[in-house]
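A closer look at the structure
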Amino acid sequence: MRAVILVIDSVGIGGAPDAAQYGDAGADTVGHIAKACADGHADDGRREGPLRVPYLAALGLGEACELASGQRPPGLDHGAGAGAAFGCASERSRGKDTPSGHWEIAGVPVPFDWGYFPKTIPAFPPQLISPLCEMAGLPGILGNRHASGTEIIAELGETHMRTGQPICYTSADSVFQIAAHEQTFGLDRLYRLCETARPLVDPFNIGRVIARPFVGERPADFRRTAHRRDYAVPPPEPTILDLAAADHRQIVSIGKIDDIFAHRGTGINLKGDGNDALFTRTLEGLDALEDGGLLFANFVDFDTLYGHRRDVAGYARALEAFDARLPELVNVLRRDDLLIITADHGCDPTWPGTDHTRERVPVLIANGRRPGPIGRRDSFADIGATVAQHLQFPATPHGHAFW
């Protein structure tokens, strides 16, 4: 038996019970995208008309949305097919960030509050920036505020290339992000700078230091590359990845899973530039996955390229492109394989601001023990508990298996 977890990053389905505490009451990533498509507001010359995700619908996405929000989005009217199990899950962790969501999916809710930088200018305290510049030999930094990554690179990229000062910024997440040009600053130098920054942000309880390399000669053609690297703190308890590693199971991680779990228990890591490449790497990883193995994949484009940039049409295109490739994976599953498709938080592109949104997430299951609804789960950790049961690991301390 093998297990496969696909995290379609930020594909929330509305209805988180505590959304109002985060200012997100009414946010609904899939629901609002589907409505925009049905109303003709997501026609951009590359796609048009209602949202078309027939394979996700056959796995129960429409039913999962209805469980989460009370409404079935337009275009998801087709019911789940035979053999599919489906439901939704709420996050127990208090953040709505990437590590919290992924760790909880892997069986470990985050029991503490992350630290965040204030929405002031400057955002970073001198006791962080002064030693960073001294230890890394920097003439100073640019940015030093909350910002959209693409916007601040367009604004300050040329100054960075001229002065050698890296662009440092943050967001509503618990992050310290450093953007630098791959050629003029150097990719390895950027990584070393992030390694220097990692222990310096620990006193502020910051979850991730993120290297954000970019290329290009002028603002119009600056582009972030796939050489992003996250320097995260490790999960506070053993995850299902740790259980798999302890039992000498084969583990394949796809995309940024390796970074999110601080390279602990992530096995063979396969990278790819964008969702399509990551899907291809997932197929490669699954083809080589041994009996008893675990594959854990993240598809990041939904969040970074479309959710944060509030690009409704682009998000719809990405959902349809992912859906079109899904049969390639489902058709090569073995009889005893378990496939779970879920998300780590929402990022509603119709919602004010550019941050993640607190939402329930879909839990879509192929090759489960029993088809049909699994209901509303009160923790993402139920996913980890179910995978542990399927792979015959000891029961996890958090979460309850679906069956």
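To keep things clear, this report deals only with the structure shown in the data block. (Residues numbered from 1 in each chain as written. Predicted model: local features only at pLDDT ≥ 70, side-chain atom pairs only at ≥ 80, totals over all residues. Heavy atoms only, no water.)

**Comments concerning the overall build of the protein chain**
Selection criterion: Runs of H or I in DSSP of at least four residues are treated as helices and runs of E of at least two as strands, each being numbered from the N terminus. We compute the radius of gyration over the C-alpha atoms and compare it with the globule rule, which gives 2.2 Å times the number of residues raised to the power 0.38. Only protein chains enter the accessibility calculation, which uses a 1.4 Å probe; a residue is then buried when its area is under 20% of its type maximum, exposed when over 50%, and partly exposed in between. What makes two residues a contact is simply this: any of their non-hydrogen atoms within 4.5 Å. Note on areas: Shrake-Rupley, 1.4 Å probe, and residue coverage restricted to the protein chains presented here. Asp and Glu are treated as the negative residues and Lys and Arg as the positive ones, with His and the ends of the chain left uncounted. Every charge is mapped onto a representative atom, which is NZ of Lys, CZ of Arg, CG of Asp or CD of Glu.
For the protein chain, the helix and strand inventory stands at 13 helices and 14 strands. For the protein chain, whose C-alpha radius of gyration is 21 Å, the value lies close to the compact-globule estimate of 22 Å for 403 residues. By principal-axis analysis of the C-alpha atoms, the protein chain measures approximately 60 × 50 × 40 Å. Scored against the burial criterion, the 403 residues of the protein chain give a buried share of 60%. For the protein chain, the share of sequence-separated contacts (at least 6 apart) that also reach a separation of at least 24 residues comes to 68%. Counting only carbon and sulfur atoms, one obtains 50% of the accessible surface of the protein chain, whose full area is about 15400 Å². In the protein chain, 39 side chains carry a positive charge and 52 a negative one; their mean positions are 1 Å apart.

**Here's the deal with the pattern of salt bridges**
Heads up, the rule is: Salt bridge, as used here: a side-chain nitrogen of Lys or Arg that lies within 4 Å of a carboxyl oxygen of Asp or Glu.
Within the structure shown, the criterion is met by 27 salt bridges. The residue glutamate 91 makes a salt bridge to arginine 358 at a minimum N-O spacing of 3.5 Å. One end of the pair, glutamate 91, is in the loop between β2 (85-89) and α4 (98-105); the other, arginine 358, is in the loop between β12 (338-342) and β13 (361-366), with 267 residues separating them in the sequence. Here the two residues glutamate 91 and arginine 358 agree in accessibility, since each one is buried. Note that arginine 218 is salt-bridged to aspartate 221, the shortest N-O span being 3.4 Å. Relative accessible area serves as the criterion here: at 46%, arginine 218 is assigned to the partly exposed category.

**Some remarks on the layout of surface pockets**
Using the following cut-off: Definitions used throughout: a 1 Å grid over protein atoms alone; a cavity as a set of points that fits a 1.4 Å probe which cannot get out; a pocket as an open set with protein on both sides within 12 Å along at least five of seven lines; a lining residue as one with an atom within 4 Å of a point. Grid points are joined across faces, edges and corners, and a volume is the space filled by probe spheres set on the points. Lys, Arg, Asp and Glu make up the charged group, whereas Ala, Val, Leu, Ile, Met, Phe, Trp, Tyr, Cys and Pro make up the nonpolar group; the residues left over, Gly among them, are polar.
As a volume, the largest pocket reaches approximately 680 Å³. Looking at the largest pocket, it is lined by 28 residues, and the ones nearest its centre are Arg224, Thr225, Ala226, Asp273 and Thr304. Of all elements in the fold, only α6 (149-163), β6 (208-215), β7 (223-224), β8 (229-232) and α11 (301-307) reach the threshold of two or more residues within the lining of the largest pocket. Broken down by class, the residue content of the lining of the largest pocket amounts to nine nonpolar, seven polar and 12 charged. What the second largest pocket holds in volume is close to 420 Å³. Around the second largest pocket, the lining is made up of 27 residues, and of these Ala147, Ser171, Gln177, His308 and Thr354 lie nearest the centre. For the lining of the second largest pocket, the secondary structure elements donating two or more residues are α6, β4 (167-170), β5 (175-181), β6 and α11. Sorting elements by how many residues they give to the lining of the second largest pocket places β6 first, with three residues. The class makeup of the residues in the lining of the second largest pocket is five nonpolar, 12 polar and 10 charged.

**Brief notes about the packing of helix α5 (residues 126-136) against helix α7 (residues 182-201)**
Stated precisely, the cut-off is as follows: To obtain an axis, a line is fitted to C-alpha atoms, over the contacting stretch when the element is a helix, and the angle between two such axes runs from 0 to 180 degrees between their N-to-C directions. The crossing is said to be left-handed when, going from far helix to near helix, the turn is anticlockwise and less than a right angle, and right-handed when the turn is clockwise.
Two elements in contact, α5 and α7, have axes whose closest approach is 10 Å; the angle formed by their N-to-C orientations is 145 degrees. Relative to α7, α5 is oriented so that their crossing is right-handed. Counted together, Leu128, Pro131, Leu132, Met135 and Ala136 of α5 and Leu193, Thr196, Ala197, Leu200 and Val201 of α7 form the full contact between these two elements. When its residues are assigned to classes, the contact of α5 with α7 shows nine nonpolar, one polar and no charged.

**Quick notes on the sheet that holds β13**
What counts, and what does not: DSSP bridges decide pairing: two strands pair if at least two such bridges lie between them.
Here eight strands make up an open sheet; going across it, the order is β10-β9-β11-β1-β12-β13-β2-β14 and the pairing mixed. Only two strands of the sheet have a single partner each, and these edge strands are β10 (268-270) and β14 (372-377). Geometrically, the sheet is characterised by an average inter-axis angle of 15 degrees between neighbouring strands, direction not taken into account. Across the face of the sheet, helix α3 (residues 61-69) comes into contact with β2, β13 and β14 while running at roughly 35 degrees to β2.

**Points about unusual backbone geometry**
Outside of glycine, negative phi angles account for most residues, and trans bonds account for most peptide bonds. Here the bond from isoleucine 121 into proline 122 is cis, since omega is 5 degrees, no more than 30 degrees from zero. Examined against the element boundaries, proline 122 turns out to sit in the loop between α4 and α5. Here asparagine 205, not a glycine, exhibits a phi torsion of approximately 60 degrees, which is positive. Inspection of the secondary structure puts asparagine 205 in the loop between α7 and β6. Although it is not a glycine, histidine 248 sits at a positive phi angle of roughly 60 degrees. One can find histidine 248 in the loop between α8 (240-246) and β9 (251-254).

**Things to note about helix α10 (residues 275-288)**
For clarity, the cut-off: A helix is expected to span 1.5 Å for every residue after the first. The arc in question is the one spanned by the directions pointing from the helix axis to the C-beta atoms.
The first and last C-alpha atoms of α10 sit 20 Å apart over 14 residues, in line with the 20 Å expected at 1.5 Å per residue. For α10, every residue scored as buried is listed here: Asn275, Leu278, Phe279, Thr282, Leu283, Gly285 and Leu286. Summarising the axial view, the buried residues of α10 lie within an arc of 165 degrees, below the 170-degree limit, and thus occupy one face. Summarising the geometry of α10, the exposed residues directed more than 90 degrees from the buried face are Asp276 and Asp287. Elements in contact with the buried residues of α10: β1 (3-8), β9, β10, β11 (294-299), α11 and α12 (312-330).

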